[in-house]
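Letter by letter, the chains look like this.
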Amino acid sequence: MRWATFLDGEGKERVGVVSGEVIRALLPGVRLLDLLGGDGSPLEGAALRAEDDATEEFVLGSVRLLPPIPRPPSVRDFYAFEQHVKTARAGRGLEMDPDWYELPVFYFSNPAAITGPFDDVMVPPGAAQLDFELEVAAIVGREGSDLDPDDAQDFIAGFSVMNDWSARDVQRREMKLSMGPVKGKDFATTLGPWMVTFDELEPYRKGRAYDLAMTASVNGKEYSRASLAEIYWSFGEMLAYASRGTRILPGDVIGSGTCGTGCILELSLVHGEESYPWLKPGDEVVLEVERVGRIANRVVAGEPLRPLMRPRQPEEPRESGEWSAPEPSA
C-alpha cells in the first residue's frame, strides 16, 4: 500500500492511499504520523476506510505531493553500502576501517529541512560543490528501545526514496574540525513520493534487503545504478543500533546512506569531475527506486553567504570589560 501526504485544492494538508492514478483521501486534519504507533492497527484501519469509504478522491497529477512525513521527529542517516564507503575512503587514501563492519554509524540530519518529492532545492549559501545522494529511507511505525535486529523489521511502517543533498565543499571544511556534517547536509533532504508499506516489498526480499533497482539521473543522463540488495547493514540492524540505549519513535526517518555509484562525489573520484560536474542551478535530479517510487527536483540558486563576523586579527586587543581567562599557574 502507498500512503501519500499532499495539499488539496484549498491548500490543506491531507493524507490518503494511492490507488492507480487516484488518491483516496481521509478526512482533513488526519496526518500519516497520527496513524502510526501501537501495534499497527490504526494504519490498517485507516487503509480500510480509505479503500472502502474514502471521504474524497483526488487525481494524483492534480495535487502537490508533500513528504509522507513532512515533520518527522528525527532523521538519522546511515552509511550502510560498502561500495560507496570503500570508494569514498580510497579517494582520500584510506583503507576501510574495521569498525565500519562492527558499527552501522549514522549522523542526525535536520527534521525541519525535509522537502517534497518534486520541490525545487536551493543551493545552500556559500556552497560550490552541490551533490545528490541516492538512498532509501525506512519510516518507523512503532516506538521501541534496545531492539533486537531480528525483531526490528516489525517496527518499520514503510519505505520512501530519499535524497540526502550534500554541499561537499562545506562538509569537507566542517569535518576537518572533527565535527559534522552540519551545514554541509542540513539544508535539504528530499523524501517521497509516498510511503510504501514494507509488506509490499517482501516478494523482492534478497540478502539483507530487497532486490530493487536504484537509479539516479541528472538532466536525463543516467548517473547511478545499484540494487538495494547490495546493502551491507540491514534496516533491522540499523533500527536496533539507533534504538540502543534510547528510543526510536513513530515517524522517525532512517536513511540507508548512499548506494554504490549513488553520488557525484563517488563518481568524480573514479571518472573525474569533468565527466561528473557538481550540480548547478537549472539541473534536474531524478532518483528512482523500483517498487518504491520516483522523485524529481530542480536545483535553483540560493541566498548569498552572510559573514558571521567582521574580519579581525588574532592579536587584536579585547574590548574594555570583555572577560579573559586567568593565566594558568605553574
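Residues numbered from 1 in each chain as written. Predicted model: local features only at pLDDT ≥ 70, side-chain atom pairs only at ≥ 80, totals over all residues. Heavy atoms only, no water.

**Quick word on the overall build of the chain**
Now for step 1: When its secondary structure is counted, the chain shows 6 helices and 23 strands.
Now for step 2: Relative to its length of 330 residues, the chain is compact, with a C-alpha radius of gyration of 22 Å against a globular reference of 20 Å.
Now for step 3: Projected onto its principal axes, the C-alpha positions of the chain cover 75 × 45 × 45 Å.
Now for step 4: Counting over 330 residues, the chain shows a buried share of 51%.
Now for step 5: Taking the intrachain contacts of the chain between residues at least 6 apart in sequence as the baseline, contacts between residues at least 24 apart amount to 73%.
Now for step 6: With the model as given, the accessible surface of the chain reaches about 16600 Å², and the carbon-plus-sulfur share is 50%.
Now for step 7: Computing the positive centroid from 34 side-chain charges and the negative centroid from 54, the chain places the two 4 Å apart. (Helix = DSSP H or I, 4+ residues; strand = E, 2+ residues; numbered from the N terminus. Rg over C-alpha atoms; globule rule 2.2 N^0.38 Å. Buried < 20%, exposed > 50% of the residue type's maximum accessible area, 1.4 Å probe, protein only. Contact = heavy atoms within 4.5 Å. Areas by Shrake-Rupley, 256 points an atom, 1.4 Å probe, with all protein chains shown as cover. Lys, Arg positive; Asp, Glu negative; His and termini not counted. Charge placed at Lys NZ, Arg CZ, Asp CG, Glu CD.)

**Description of the side chain of Asn163**
Now for step 1: For Asn163, the location among the structural elements is in strand β13 (residues 156-164).
Now for step 2: With a relative accessible area of 0%, Asn163 lands in the buried category.
Now for step 3: Side-chain polar atoms of Asn163 contact the backbone nitrogen of Glu133, separated by 3.0 Å.
Now for step 4: Among residues more than four places away in sequence, those in contact with Asn163 are Phe132, Glu133, Ala188, Thr189, Thr190, Val285, Leu287 and Ile295. (Polar contact = N/O pair within 3.5 Å; in protein donor to acceptor, adjacent residues only side chain to side chain.)

**Considering the sheet that holds strand β19 (residues 221-227)**
Now for step 1: Spatially, β9-β23-β22-β18-β19 is the arrangement adopted by the 5 strands of the open sheet, whose pairing is mixed. Among the strands making up the open sheet, the edge pair consists of β9 (121-122) and β19. (Pairing = 2+ DSSP bridges.)

**Some words on the pairing of strand β1 (residues 2-7)**
Now for step 1: Alignment of β1 against strand β15 (residues 189-197), held across 2 bridges, turns out to be antiparallel. When the sheet's bridge partners are listed, Trp3 is paired in β15 with Met195.
Now for step 2: As paired strands, β1 and strand β2 (residues 13-19) are joined by 6 bridges and run antiparallel to one another. Bridge assignment links Leu7 to a residue of β2, and that residue is Glu13.
Now for step 3: Following β1, the chain reverses through 5 residues before pairing antiparallel with β2; Gly11 in that reversal takes a positive phi of roughly 80°.
Now for step 4: Pairing between β1 and strand β5 (residues 64-66): 3 bridges, direction antiparallel.

**Considerations on the state of the cysteines**
Now for step 1: What the rule picks out here adds up to 0 disulfides.
Now for step 2: For Cys259, which is in no disulfide, the shortest distance to another cysteine sulfur is to Cys263 and amounts to 8.5 Å.
Now for step 3: Look at Cys263 and you get buried, because its relative accessible area is 0%. (Disulfide = S-S within 2.5 Å.)

**What about the nonpolar core?**
Now for step 1: In this structure, Phe132, Leu228, Phe235 and Leu279 are the most contacted members of the largest nonpolar core, which totals 66 residues.
Now for step 2: When near neighbours in sequence (up to four residues on either side) are disregarded, Phe235 contacts Val136, Ala138, Ile156, Phe159, Leu228, Ile254 and Ser256. (Core = buried A, V, L, I, M, F, W, Y, C linked by side-chain atoms within 4.5 Å.)

**Description of the pattern of salt bridges**
Now for step 1: Within the structure shown, the criterion is met by 19 salt bridges.
Now for step 2: In this structure, the salt-bridge partner of Arg76 is Asp252, at a minimum N-O distance of 3.4 Å. One end of the pair, Arg76, is in strand β6 (residues 75-78); the other, Asp252, is in the loop between β20 (247-248) and β21 (253-255), and 176 residues separate them in sequence. For the residue pair Arg76 and Asp252, the accessibility class agrees, reading buried in each case.
Now for step 3: Note that Arg168 is salt-bridged to Asp131, the shortest N-O span being 2.9 Å. Note that Arg168 is positioned in helix α4 (residues 168-175) and Asp131 in strand β10 (residues 130-131), a separation of 37 residues in sequence. Comparing Arg168 with Asp131, the two get one shared label, buried.
Now for step 4: Residues participating in the shared-partner salt-bridge network are Asp131, Glu133, Asp164, Arg168 and Lys185. (Salt bridge = Lys/Arg side-chain N within 4 Å of Asp/Glu carboxyl O.)

**A closer look at the packing of helix α2 (residues 82-90) against helix α6 (residues 264-271)**
The axes of two packed helices give the description: the angle between them and the distance between them.
Now for step 1: Between α2 and α6, the shortest axis-to-axis distance is 9 Å and the interhelical angle comes to 55°. As the angle between them shows, α2 and α6 are arranged oblique. The element α2 and its partner α6 pack so that their crossing is left-handed. Contact with α2, carried on its side by Gln83, His84, Thr87 and Ala88, involves Glu266, Leu269 and Val270 of α6 and no other residues of that element.
Now for step 2: A breakdown of the residues in the contact of α2 with α6 according to their chemical character gives 3 nonpolar, 3 polar and 1 charged. (Axes fitted to C-alpha atoms, helices over the stretch in contact; angles between N-to-C directions. Parallel < 35°, antiparallel > 145°, perpendicular 65-115°, else oblique. Left-handed = near helix turned anticlockwise from the far one by under 90°. Nonpolar A, V, L, I, M, F, W, Y, C, P; charged D, E, K, R; others polar.)

**Details of helix α1 (residues 41-53)**
Now for step 1: Compared with the 18 Å implied by 1.5 Å per residue over 13 residues, the 17 Å span of α1 between its first and last C-alpha is a close match.
Now for step 2: Within α1 the residues assigned to the buried category are Leu43, Ala46, Ala47 and Ala50. Looking down the long axis of α1, one finds its buried residues gathered within 105° of arc, a one-sided arrangement. Exposed residues lying more than 90 degrees from the buried face of α1 are Glu44, Leu48, Asp52 and Asp53.
Now for step 3: Residues of α1 that are buried make contact with β1, β2, β3 (22-25) and β15. (Expected span 1.5 Å × (residues − 1). Arc of directions from axis to C-beta.)

**Brief notes about the confidence of the model for the chain**
Now for step 1: Per-residue confidence for the chain averages 93 on the pLDDT scale, and 95% of its residues sit at or above 70.
Now for step 2: Here residues 322-330 scores under 50 on pLDDT; set against residues more than four positions off or in separate chains, the count is 2 contacts. (pLDDT = per-residue confidence, 0-100.)

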